[in-house]
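# Overview (structure and organization)
Take a look at the letters that make up each chain.
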Amino acid sequence: MSTTTEPAAGAAPDAAPAKTGPGAHHPPAGRRNRGKRQPVAVQHMAGWLFSTPFLVLFAVFMALPIVATLVMSFTDFGLRNVTDPLSAEFIGLENYTKLFGDEKFLKALFNTAYFVVVGVPLTVGLGLGVAVLLNNGIDRARTFFRVGFYAPVVTSIVAIAVVWRFVLDPSDGLIAGLASEVGLTSPDFLGSEALAMPSLIVMAVWRNLGTVMVLFIAGLQAIPPDVREAARLDGASTWQEFRRITVPLLRPTMLYTTVITTIGYLNVFEEPFVMTQGGPSDSTLTVSLAMYREGFNFFHMGYASAMAYVLFVVIMAITVLQLRLLKDNTK
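Rules used in this analysis
- Residues numbered from 1 in each chain as written.
- Predicted model: local features only at pLDDT ≥ 70, side-chain atom pairs only at ≥ 80, totals over all residues.
- Heavy atoms only, no water.
- Helix = DSSP H or I, 4+ residues; strand = E, 2+ residues; numbered from the N terminus.
- Buried < 20%, exposed > 50% of the residue type's maximum accessible area, 1.4 Å probe, protein only.
- Contact = heavy atoms within 4.5 Å.
- Areas by Shrake-Rupley, 256 points an atom, 1.4 Å probe, with all protein chains shown as cover.
- Axes fitted to C-alpha atoms, helices over the stretch in contact; angles between N-to-C directions.
- Parallel < 35°, antiparallel > 145°, perpendicular 65-115°, else oblique.
- Left-handed = near helix turned anticlockwise from the far one by under 90°.
- Nonpolar A, V, L, I, M, F, W, Y, C, P; charged D, E, K, R; others polar.
- Core = buried A, V, L, I, M, F, W, Y, C linked by side-chain atoms within 4.5 Å.
- Phe/Tyr/Trp six-rings, centres within 6.5 Å; stacked < 30°, edge-to-face > 60°.
- pLDDT = per-residue confidence, 0-100.
- Salt bridge = Lys/Arg side-chain N within 4 Å of Asp/Glu carboxyl O.
- Patch = residues over 30% accessible without salt bridge, like charges linked within 9 Å, V, L, I, M, F, W, Y side chains within 5 Å.

Now for the overall build of the protein chain. From N to C terminus, the protein chain includes 13 helices and zero strands. Each of the 331 residues in the protein chain was classed as buried or not, and the buried ones make up 32%. Here the analysis covers contacts within the protein chain between residues at least 6 apart in sequence; of these, 66% occur between residues at least 24 apart. Working note: accessible area of the protein chain is about 21100 Å², and carbon and sulfur atoms make up 67% of it.

Have a look at this one:
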């Protein structure tokens with residue numbers, strides 16, 4: 001008796017069974033992966049589409065002006081060339097060589113260095129001290145103090161200038177009133193060549209203290225509590241814990257705050273522009289303020305552009321130096 005296998009009901013009589021062995025036919029690899037590659041391509045396209053508005057704005061308002069300023073620094077571009085920029089004469093490095101013989105620019109460079117050398121350590125040091133107190137030492141009204149220290153950061157420079165002019169006014173100011181109560185005479189802080197720059201530094205430290213404080217508080221809260229507890233169990237005092245535990249673990253934050261504060265103070269413009277206009281006798285004239293004067297008061301655009309790139313090189317050099325000196329200590 002012979003046995004035959006009948007096809008299942010409803011199956012096509014001439015359907016061939018699928019081959020699964022080594023000789024089985026498989027679609028090409030490109031055809032198999034085409035469905036997977038398409039979403040990735042779509043994602044890339046979507047990313048570029050979402051980035052396009054920023055890239056256009058960056059190119060028009062940042063990249064293009066930066067390149068134009070660099071080109072302009074090698075020309076005698078002035079007010080007469082505004083309508084026809086291509087008419088500016090190429091003068092090579094003349095603007096740069098002229099800068100280092102310009103006594104006003106050298107004075108501005110010295111004032112800016114003075115502002116940075118004194119202002120940065122004060123801002124970073126006081127910011128660290130306030131952050132430690134608000135993070136550990138003060139329990140009541142901690143939020144109130146944090147808001148109070150950070151308020152100057154988000155306050156308009158015009159409002160700050162009004163307050164500080166009242167405080168420093170030699171005749172009717174707050175300090176003059178307190179001095180008169182004890183029989184003293186208040187000096188003219190903003191009218192004295194010796195006191196004008198220190199007064200602006202104090203104002204800048206007060207204004208920027210909140211930013212540094214917030215960054216250090218974030219760094220302090222990132223330190224594991226177990227490390228502090230272990231130090232206390234080993235008998236470390238509060239000062240030893242701060243010096244041997246807190247400060248080493250805060251070095252990355254300290255590096256960041258020092259770099260951004262230095263860059264900000266090298267670009268200092270608002271404080272002298274609003275409070276003293278660079279006076280008295282250019283004692284508060286900074287590089288940014290001198291650049292503004294040359295570019296927008298005297299319309300020496302090429303010369304002002306050269307100032308801008310000298311300041312850019314100085315900022316880059318100091319930033320790289322800080323990163324090399326401080327980064328080794330953060331490892």
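Back to the write-up after that little detour.
The next point concerns the packing of helix α10 (residues 251-266) against helix α13 (residues 301-327). Direction vectors running N to C along α10 and α13 enclose 165°, while the axes themselves pass 10 Å from each other. Accordingly, the angle class assigned to the pair α10 and α13 is roughly antiparallel. α13 is crossed by α10, and the crossing has right-handed handedness. Residues L255, T258, V259, T262, I263 and L266 of α10 form the contact with α13, whose participating residues are L311, I315, I318, T319, Q322, L323, L326 and K327. Here the contact of α10 with α13 is built from residues that sort into nine nonpolar, four polar and one charged.

Turning next to the nonpolar core. Residues L99, F115, F216, Y265 and M275 are the most contacted members of the largest nonpolar core, which totals 49 residues. Among the elements of the structure, α2 (94-99), α3 (103-137), α5 (157-168), α7 (196-221), α10, α12 (287-297) and α13 are those that each provide at least two residues to this core. When residues in this core are grouped by element, the largest group, 12 residues, is from α7. The residues touching F216, leaving out its near neighbours within four places in the chain, are V124, G127, L128, A131, L250, T253, M254 and T257.

Among the structural elements, F189 can be located in the loop between α6 (174-181) and α7. A C-alpha to C-alpha distance of 6.2 Å links F189 and L168, two positions 21 residues apart in sequence. Contact partners of F189, with chain neighbours within four places excluded, come to L168, I175, L195, A196 and S199.

As a further point, take the packing of aromatic side chains. Overall, the coordinates contain 13 aromatic pairs when judged by the stated rule. Through a chain of ring-to-ring contacts, the aromatic side chains of F269, F273, Y292 and F296 assemble into a single cluster.

For the rest of this paragraph, the subject is unusual backbone geometry. Residues G279 and P280 are joined by a peptide bond in cis, for which omega reads -5°. Relative to the assigned elements, P280 resides in the loop between α11 (270-275) and α12. One non-glycine residue, F299, lies in positive phi territory at about 60°. You can see F299 is positioned in the loop between α12 and α13.

Another point: the packing of helix α8 (residues 225-233) against helix α9 (residues 238-249). Between α8 and α9, the least distance of the axes is 10 Å, while the angle of their chain directions is 160°. The angle between α8 and α9 falls in the class roughly antiparallel. Handedness of the crossing formed by α8 with α9: right-handed. Contact with α8, carried on its side by V227, R228, A231 and R232, involves E241, I245, T246 and L249 of α9 and no other residues of that element. Partitioning the contact of α8 with α9 into residue classes produces four nonpolar, one polar and three charged.

Looking at the protein chain, pLDDT values average 85 and 86% of them are 70 or higher. Here residues 1-5 is modelled with pLDDT under 50, and outside its nearest four sequence neighbours on either side it reaches zero contacts, counting other chains as well. In the model, residues 7-13 has pLDDT below 50 throughout and makes zero contacts with residues more than four positions away in sequence or in other chains.

Counted under the stated rule, the structure contains seven salt bridges. The salt bridge involving E271 is made with R207; its shortest N-O contact spans 3.2 Å. Residue E271 is found in helix α11, and its partner R207 is found in helix α7; the two are separated by 64 residues along the sequence. Of the residues examined, R207 reaches a relative accessible area of 13% and is grouped as buried. Across the salt bridge formed by D282 and R293, the nearest N and O atoms sit 3.7 Å from each other. With a gap of 11 residues between them, D282 in the loop between α11 and α12 and R293 in helix α12 connect regions that are remote in the sequence. Among the charged side chains, a network of salt bridges with common partners joins K104, D282 and R293.

Right, let's talk about a nonpolar patch on the surface for a bit. On the surface, W48, F54, L55, V56, L57, F58, V60, F61, M62 and I66 cluster together into a nonpolar patch covering about 1000 Å² of accessible area. Secondary-structure assignment places W48 in helix α1 (residues 29-72).

Right, let's get into the environment of L285. In this structure, L285 sits in the loop between α11 and α12. Through-space distance from the C-alpha of L285 to that of N111 is 6.6 Å; in sequence the pair is 174 residues apart. Beyond its immediate stretch of four places on either side in the chain, L285 contacts K104, K107, A108, N111, G278, A290 and R293.

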